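Observations on the model geometry
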Amino acid sequence: MSLNAQQLASFVAFPPEGDSPLYVFFRNQSTGETSYQWLINEAPYSNTFNTNYTFADTGTYIVSLIAYLNDPACADTAPLTIRVNPGIRIALPNIFTPNGGGVNDKLAVQLFGVSTIRWEVHNRWGNLLHSGNDASGVEFLEIWDGADVHAGVYPVVFTATGINGKTEAMQVMVAVV
């Protein structure tokens, strides 16, 4: 048996960069090999031919593929850097109770990767009831106290600019009970 195998580790990532959470598919393009070991930041991840991974957090990750023919001592390694940028995420409850009880009295949002945000609360006819904006970069905001409205469902429109410079708009429905 010859130990002069000519395996070549190679792979591509789709996409190699993006906003969190980032789903990446890794396509193995190695030649002359029979076995594989995928690593993410030097930690073993998978031993399949192709693989995928969702990078939940922002940062730079080194993904490596070790490929070998029969003998792991004669392996070839291919590394690739994956960059995960902060994406925009806004988390909020879909219901709140502005009844003065001291719990859940204000609509609060948790922000991820947001540098500036604007919000508008409308009634069911589209009339503006409340609006505001924030450019402080905080991760938690109380945006509406629900004062002077009846129980019901209200559309809340957000326009946020992320740390990455991208602007996104979204609408959620929030129930006031």
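Residues numbered from 1 in each chain as written. Predicted model: local features only at pLDDT ≥ 70, side-chain atom pairs only at ≥ 80, totals over all residues. Heavy atoms only, no water.

For the chain, the count of helices and strands is 0 helices and 16 strands. The C-alpha atoms of the chain give 24 Å as radius of gyration, which overshoots the globular expectation for 177 residues (16 Å, by more than 25%). Principal-axis analysis of the C-alpha atoms places the extent of the chain at approximately 85 × 30 × 25 Å. Expressed as a percentage of the 177 residues in the chain, the buried residues total 33%. By sequence separation, contacts in the chain at least 24 residues apart represent 54% of the contacts at least 6 residues apart. Summing over all exposed atoms, the chain offers an accessible surface of approximately 10000 Å²; the carbon and sulfur share of this is 51%. (Helix = DSSP H or I, 4+ residues; strand = E, 2+ residues; numbered from the N terminus. Rg over C-alpha atoms; globule rule 2.2 N^0.38 Å. Buried < 20%, exposed > 50% of the residue type's maximum accessible area, 1.4 Å probe, protein only. Contact = heavy atoms within 4.5 Å. Areas by Shrake-Rupley, 256 points an atom, 1.4 Å probe, with all protein chains shown as cover.)

To continue, consider the sheet that holds strand E13 (residues 128–134). Across a sheet, strands are paired by hydrogen bonds formed along the backbone, either parallel or antiparallel in direction. What the 5 strands build is an open sheet, ordered E10-E16-E15-E12-E13; its pairing is mixed. Here the strands that pair on one side only, and so sit at the sheet edges, are strand E10 (95–96) and E13. (Pairing = 2+ DSSP bridges.)

Strand order across the open sheet formed by 5 strands is E2-E8-E7-E4-E5, with mixed pairing between neighbours. Each edge of the sheet is formed by a strand with only one pairing partner; in this case those strands are strand E2 (17–19) and strand E5 (43–46). Between one strand and the next, the sheet's axes are offset by a mean angle of 30 degrees, whatever the strand orientation. Of the strand pairs in this sheet, strand E4 (residues 35–40) and strand E7 (residues 59–68) are connected by 6 bridges, and their pairing is antiparallel. Looking at the pairing, Tyr36 lines up with Ala67 of E7. (Axes fitted to C-alpha atoms, helices over the stretch in contact; angles between N-to-C directions.)

So, about the packing of aromatic side chains. Within the structure shown, the criterion is met by 9 aromatic pairs. Between the NZ or CZ atom of Arg89 and the centre of the ring of Phe112, over which it lies, the distance is 4.3 Å. (Phe/Tyr/Trp six-rings, centres within 6.5 Å; stacked < 30°, edge-to-face > 60°. Lys NZ or Arg CZ within 6 Å of the ring centre and 35° of its normal.)

The alternating pattern of strand E1 (residues 11–14) places Phe11 and Ala13 on a buried face and Val12 and Phe14 on a face that is not buried. Direction of pairing for E1 relative to strand E3 (residues 22–28): antiparallel, over a ladder of 4 bridges. Along E3, the bridge assignment pairs Val12 with Arg27.

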